[in-house]
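Observations on the three-dimensional arrangement
Letter by letter, the chains look like this.
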Amino acid sequence: MTYVNLDHISSNPLLPEVKQAMIAAITHDYHNPSSQHKAGEEAAAALEQARAQVAGLLNADTPKEIVFTSGGTESVNHAIKGVAMANADKGKHIVTTNIEHNAVIRSLRRLKSDGFTVTSLSVDETGRVNPGEVAAAITPETILVSVMHGNNETGTIQPIEEIARIARDKKVLFHTDAVDSVGIVPLDVKNIGADLVSFAANTFYGPTGVGGLYIRRGVKIFPLLDGGVQEHNKRAGTENLVGIIGMGVAAEIAARDIVPRGAYLKGLKDKFLRELPQVLDEVIINTHPVHSLPHLVSASVKYVEGESVMLMLDDEGFGVSTRSACATGSLRASHVLLSIGLSHEDAQGTLVIAFGIDNTAEQVERFLNALKTVVTTLREISPLYKKSAAVR
Amino acid sequence: MMYNKVVMDHFRNPRNVGTLEDADGVGEVGNPLCGDMMTIYLKIKEDRIDDIKFQTFGCGSAIAVSSMLTEIAKGKRLAEAKKITNKDVAAALEGLPKNKLHCSNLGADALQLAIRDYEDRKAGITRPAPKRKDEHEHSHGDKCYCPYCDVEIDDGVTFCEACQHDLKEEH
């Protein structure tokens with residue numbers, strides 16, 4: 001039986017068109033896009049075509065607002081540190097939330113050791129930030145608000161438009177880490193009113209190791225990498241052209257397919273959520289019922305630990321990820337799950353199931369059966385399950 | 001795969017799972033805060049571990065540790081069983097990932113508590129039922145170690161300067 005990938009939040013398979021374009025690009029042996037001769041110009045043309053394709057996906061004003069990076073992590077680091085360094089004369093205060101990705105959290109920690117102060121807002125039990133609290137947290141010293149778009153652990157989407165409007169009214173720059181959203185849900189930078197948007201190609205079936213940062217024209221930002229004048233002086237270093245060409249093709253297809261793609265993914269997710277109670281009791285769904293990524297479900301299975309579930313599902317032929325403390329390597333419960341009010345105990349049994357366009361309804365059914373088998377086995381081993389049953 | 005074949009075998013086919021209704025001794029360690037809880041049930045006959053069962057809430061290594069411990073302890077005289085350490089269990093499993101050594105390798109502790117429970121009952125000593133701990137607990141001596149790089153760290157620190165890892169209170 002073939003292995004079923006239900007871990008599309010970690011990565012996605014390349015679209016066939018993307019693969020073809022990248023193979024063609026390797027075969028073509030492009031020169032350096034910064035070179036002034038004909039071979040360089042040809043490479044530069046390919047680079048700019050990809051930039052236009054990505055700009056189209058985000059509805060940027062001009063392709064110049066797109067900077068290519070090595071992925072979501074670099075984009076986020078660039079946005080936060082670059083804005084902080086370039087605007088430190090105006091103030092040294094940044095507003096964010098408790099549920100950000102480590103790329104945001106650790107970039108901000110680095111800045112704290114450099115004299116910046118950070119206000120990190122809590123979320124309600126559905127995982128959403130109250131925009132009113134963002135407004136209240138902004139001070140005359142605030143130079144940046146950074147709030148994630150779709151959360152990688154719960155799938156919950158923040159009220160980004162409202163938060164962006166608040167930041168704009170207060171003349172504070174607004175960054176959103178949209179690494180898990182761009183290419184999955186329609187995201188129009190002009191509609192949102194964001195100044196900076198981080199994204200990654202592998203979210204929308206492009207290659208890993210390539211991403212981008214949307215920087216609205218006029219935003220004051222320093223490069224993260226100093227060196228040459230590539231990327232309009234915003235990101236030094238010869239571009240990863242093969243990866244960028246792949247990203248461009250993936251972006252063009254995402255822009256074309258985003259509505260049916262989202263509907264297909266949501267169909268799989270809805271089926272899973274509808275049928276889950278028929279196979280398992282005592283599961284907490286951490287994903288917002290309305291405001292969430294169409295492909296992601298976070299489910300905390302009570303009385304079992306996520307890594308065990310993940311390992312047994314792996315044996316059954318299904319790849320999922322878990323946010324249990326034991327499996328994350330950090331040996332601590334996920335800050336996101338604790339922020340939405342889960343107990344340490346319940347957070348331990350949290351699985352992240354992320355559907356992809358390569359999954360089918362039949363796979364969802366087989367997965368539900370496998371999940372039932374695995375959880376039943378582990379609950380039989382668990383001392384917590386028996387205790388809980390006695391209480392009931 | 002982060003676990004070796006022996007660990008995966010014990011995780012996939014755990015030995016001696018369950019409870020013993022009329023157990024002579026019961027020992028429970030760990031807390032769900034760290035992610036692992038183990039309960040050991042003993043049946044003692046003529047100073048020997050006649051039967052042993054376990055229940056575990058925890059990761060792959062926690063289940064494998066419990067299973068291996070029961071295999072090592074079964075049939076042993078109490079005097080010998082008292083010498084079993086967490087290190088012995090990890091060695092029998094041919095090693096555990098470094099970051100799991102300090103958290104999920106608690107099987108021998110549960111066994112020792114179960115033996116003490118048996119001896120207490122025999123001597124007619126009643127101790128208050130141990131409360132489930134929700135706080136930081138040292139299961140490995142007085143020192144704290146980073147679960148990632150194993151350097152010694154101070155109690156209560158939340159960040160390992162040596163390897164730049166976030167920590168909570170469970171080191």
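All residue numbers here refer to positions counted from 1 along the written sequence of the relevant chain. Ligands are numbered from 1 and chains lettered from A, in the order in which they are written. For this predicted model, a pLDDT threshold of at least 70 governs which residues receive local features, and a threshold of 80 or more governs which side-chain atom pairs are given and counted, while totals over whole chains, interfaces and linings are taken from all residues. Water and hydrogen atoms were dropped before computing side-chain values, which therefore reflect all heavy atoms in the structure.

**Let's talk about helix H1 (residues 5-12) of chain B**
Exposed residues in this analysis have more than 50% of their type's maximum accessible area, buried residues have under 20%, and partly exposed residues fall in between, with area computed by a 1.4 Å probe over protein chains only. Helix and strand definitions follow DSSP, with helices as H or I runs of at least four residues and strands as E runs of at least two, each counted in order from the N terminus. Along H1 of chain B, the positions that sit buried rather than exposed are Val6, Val7, Met8, His10 and Phe11 of chain B. In this structure, the buried residues of H1 of chain B make contact with helix H10 (306-315) of chain A together with helix H2 (60-73) and helix H4 (86-92) of chain B. Pairs of N or O atoms are called polar contacts if they sit within 3.5 Å, as long as, within protein, a hydrogen donor faces a hydrogen acceptor (for residues adjacent in sequence, only side-chain-to-side-chain pairs). The distance from a side-chain oxygen at the start of H1 of chain B to the backbone nitrogen of Val6 of chain B is 2.9 Å, and the residue carrying that oxygen is Asn4 of chain B. We call two residues in contact when some of their heavy atoms are within 4.5 Å.

**Points about the nonpolar core**
For our purposes a nonpolar core is just a set of buried Ala, Val, Leu, Ile, Met, Phe, Trp, Tyr and Cys residues, chained together by side-chain atoms within 4.5 Å. If you look at the biggest cluster of nonpolar residues, it comprises 74 residues, and the most contacted ones within it are Phe272, Leu313 and Leu371 of chain A together with Leu111 of chain B. Ranked by the residues each element gives to this core, the list is headed by helix H14 (residues 361-381) of chain A, at nine residues. Those residues in contact with Leu371 of chain A that sit more than four places away from it in its chain are Phe272, Leu276, Leu280, Val309, Leu313 and Leu351 of chain A. Of all hydrophobic cores here, the second largest spans 61 residues; its members include Leu121, Ala178, Phe199 and Leu241 of chain A.

**Quick word on the packing of helix H2 (residues 38-58) of chain A against helix H9 (residues 241-279) of chain A**
Residue and element names in this part refer to chain A. For every element, the axis is a line fit to its C-alpha atoms; helices are fit only across the contacting stretch, and the angle between N-to-C directions ranges from 0 to 180 degrees. It is the contact of H2 with H9, at a shortest axis distance of 8 Å, that shows an interaxial angle of 35 degrees. At the point where H2 passes H9, the crossing takes the left-handed sense. Within the contact between the two elements, H2 uses Ala43, Ala46, Leu47, Ala50, Gln53, Val54 and Leu57 and H9 uses Leu241, Ile244, Ile245, Met247, Gly248, Val249, Ala251, Glu252, Ala254 and Ala255. Each residue is assigned to one of three groups, with Ala, Val, Leu, Ile, Met, Phe, Trp, Tyr, Cys and Pro labelled nonpolar, Asp, Glu, Lys and Arg labelled charged, and all others, Gly among them, labelled polar. For the contact of H2 with H9, the residue count by class is 14 nonpolar, two polar and one charged. Each crossing gets its handedness from the near helix: less than a right angle anticlockwise from the far helix is left-handed, clockwise is right-handed.

**What about the packing of aromatic side chains?**
Residues and elements named next belong to chain A. Aromatic contacts are taken between Phe, Tyr and Trp rings whose centres are within 6.5 Å, Trp giving its six-membered ring; a plane angle under 30 degrees counts as stacked, one over 60 as edge-to-face, and the others as tilted. Summed over the entire model, instances satisfying the criterion amount to four aromatic pairs over all chains. Ring centres of Tyr303 and Tyr385 lie 5.4 Å apart, and the angle between their planes is 50 degrees; on these two criteria the pair is classed as tilted. Separated by 82 residues along the polypeptide, Tyr303 in the loop between strand S10 (296-301) and H10 and Tyr385 in helix H15 (residues 383-391) bring together distant segments of the chain. A connected cluster of aromatic rings, assembled from ring pairs, spans Phe272, Phe318, Phe355 and Phe367. The residue whose ring lies beneath Lys92 is Phe116, and the NZ or CZ to ring-centre distance is 5.0 Å. Counted as over-ring charges are cases with an Arg CZ or a Lys NZ within 6 Å of the ring centre that also lie within 35 degrees of the ring normal.

**Let's talk about unusual backbone geometry**
Glycine aside, the phi torsion of most residues is negative, and most peptide linkages are trans. One non-glycine residue, Asp29 of chain A, lies in the positive phi region at around 60 degrees. The exposed category is assigned to Asp29 of chain A, whose relative accessible area is 63%. We note that Asn16 of chain B has phi near 60 degrees; this positive angle belongs to a residue other than glycine. Locating Asn16 of chain B in the fold gives a position in the loop between H1 and strand S1 (25-31). On the basis of relative accessible area, Asn16 of chain B is assigned to the buried category, the value being 17%.

**Side note on helix H1 (residues 16-28) of chain A**
Residues and elements named next belong to chain A. The end-to-end C-alpha distance of H1 is 18 Å, a good match for the 18 Å that 13 residues give at a rise of 1.5 Å each. Among the residues of H1, Val18, Ala21, Met22 and Ala25 are the ones counted as buried. Angularly, the buried residues of H1 cover 95 degrees about the axis, an arc narrow enough to put them on a single face. Facing away from the buried side of H1, by more than 90 degrees, are the exposed residues Pro16, Gln20, Ile23 and Thr27. Contact partners of the buried residues in H1: H9. One less than the number of residues in a helix, times 1.5 Å, gives the span that helix is expected to have. What the arc describes is the spread of directions from the helix axis to the C-beta atoms.

**Some words on the pattern of salt bridges**
All names here are of chain A. Every case where a carboxyl oxygen of Asp or Glu lies within 4 Å of a side-chain nitrogen of Lys or Arg is listed as a salt bridge. Taken as a whole, this structure holds 23 salt bridges over all chains when the rule is applied. Between Arg216 and Asp195 there is a salt bridge, and its shortest N-O distance comes to 2.7 Å. Of this pair, Arg216 sits in the loop between strand S8 (211-215) and helix H8 (230-233) while Asp195 sits in the loop between helix H7 (189-192) and strand S7 (196-200), and the two are 21 residues apart along the sequence. One salt bridge connects Arg379 with Asp281, and the closest N-O pair in it is separated by 2.8 Å. On the criterion of sequence distance, the pair formed by Arg379 in helix H14 and Asp281 in the loop between H9 and strand S9 (283-285) is long-range, its members being 98 residues apart. What makes Asp281 partly exposed here is its relative accessible area of 40%. Salt bridges sharing common partners tie together Glu48, Arg51 and Glu231.

**Things to note about the sheet that holds strand S12 (residues 321-322) of chain A**
All names here are of chain A. Strands sit in the order S9-S10-S13-S12 across an open sheet of four strands; the sheet is antiparallel. Each end of this open sheet is capped by a strand with a single partner; those strands are S9 and S12. A pair of strands is labelled paired if DSSP reports no fewer than 2 bridges between them. Bridge count for S9 against S10 is three bridges, and the pairing is antiparallel. Within S10, the position partnered with Ile284 by the bridge is Ser300.

**Some points on the packing of H10 of chain A against H14 of chain A**
Residue and element names in this part refer to chain A. Where H10 meets H14, the closest approach of the two axes is 10 Å, and the angle between their N-to-C directions is 130 degrees. In terms of their interaxial angle, H10 and H14 are classed as oblique. Here H10 and H14 pass one another in a crossing that is right-handed. Between H10 and H14, the contacting residues are Ser308, Val309, Met312 and Leu313 on the first element and Phe367, Ala370, Leu371, Val374, Thr377 and Leu378 on the second. Partitioned by chemical class, the residues of the contact of H10 with H14 number eight nonpolar, two polar and no charged. Oblique is the label for every angle not falling under 35 degrees (roughly parallel), over 145 degrees (roughly antiparallel), or within 65 to 115 degrees (roughly perpendicular).

**A few points about the pairing of strand S3 (residues 93-97) of chain A**
Residue and element names in this part refer to chain A. For S3, the tally of buried residues reaches five of five residues, placing the bulk of the element in the interior. As defined by bridge partners, S3 adjoins strand S4 (residues 117-121) across five bridges and the pair is classed as parallel. Across the sheet, Thr97 pairs through a bridge with Leu121, a residue of S4. A right-handed crossover is one whose linking path, passing over the helix from the first strand to the second, runs clockwise when the strands point away from the viewer. The β-α-β motif built from S3, the intervening helix H4 (residues 102-112) and the parallel element S4 has right-handed crossover chirality. Bridging between S3 and strand S5 (residues 142-146) involves three bridges; their strand directions are parallel.

**What to know about the pairing of S1 of chain B**
Residue and element names in this part refer to chain B. Among the seven residues that make up S1, five are buried, leaving the element largely enclosed by the rest of the structure. As judged from the seven bridges shared by S1 and strand S2 (residues 36-45), these two strands associate in the antiparallel manner. Its bridge partner lying in S2, Gly30 is registered against Met37.

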